[in-house]
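Each chain is listed here by its residues.
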Amino acid sequence: MVMDDETMVREIAGKVLEHFGHTVEFASRGEEALELYAKARENGKPFDLVILDLTTPGGMGGLTAIQRLKELDPSVKAMVSSGYSNDPAISNYREHGFCGVVTKPYNAEDLKEKTERALRL
């Protein structure tokens, strides 16, 4: 699942991930991501990986979303995504509950490499 408040970012990430063989669902805010995650688990088709935008104006961002996802599923694999590389959640992503970082703007090979690495953890 890719959670980002920008439609274009979601679409680009989705196309890249689908190109590399992944099935992708989308959320625009953390609240929606939590609902989709819970529903996928209930349906017996949990997400392998979640990419959470750090900042989503007007909605729940990645830091709060990862905390709530960890409460729902302590084994959740989530990467933080941001265009702000100087944020402490990026430099200390593991301390915040993430298993990786992907920076915006996305580069297809970088996104592929980092998602595959996160899936192997």
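The preceding data block contains the structure.
These numbers were taken from a predicted model, which means no experiment stands behind them. (Residues numbered from 1 in each chain as written. Predicted model: local features only at pLDDT ≥ 70, side-chain atom pairs only at ≥ 80, totals over all residues. Heavy atoms only, no water.)

**Quick word on the environment of A13**
Move 1: Examined against the element boundaries, A13 turns out to sit in helix 1 (residues 7-19).
Move 2: Given the relative accessible area of 0%, A13 is considered buried.
Move 3: Sequence-distant contacts of A13, defined by excluding residues within four places in its chain, comprise V2, Y106 and L111. (Helix = DSSP H or I, 4+ residues; strand = E, 2+ residues; numbered from the N terminus. Buried < 20%, exposed > 50% of the residue type's maximum accessible area, 1.4 Å probe, protein only. Contact = heavy atoms within 4.5 Å.)

**A short note on the pairing of strand 3 (residues 50-53)**
Move 1: Residues V50 and L52 of strand 3 are buried on one face, and the alternating residues I51 and D53, pointing to the opposite face, are buried as well.
Move 2: Where strand 1 (residues 2-3) lies against strand 3, two bridges are found, and the strand directions are parallel. For V2, the partnering residue across the bridge sits in strand 3 and is I51.
Move 3: Inspection of the sheet shows strand 3 paired to strand 4 (residues 78-82) by four bridges, in the parallel sense. In the sheet register, D53 faces strand 4, and the bridge partner there is S81.
Move 4: Crossover handedness for the path strand 3 to helix 3 (residues 62-72) to strand 4: right-handed. (Pairing = 2+ DSSP bridges. Right-handed = clockwise from strand over helix to strand, strands pointing away.)

**A word on the environment of E113**
Move 1: Locating E113 in the fold gives a position in helix 5 (residues 108-120).
Move 2: Taking C-alpha positions, E113 is 9.8 Å from V102, a pair spaced eleven residues apart along the chain.

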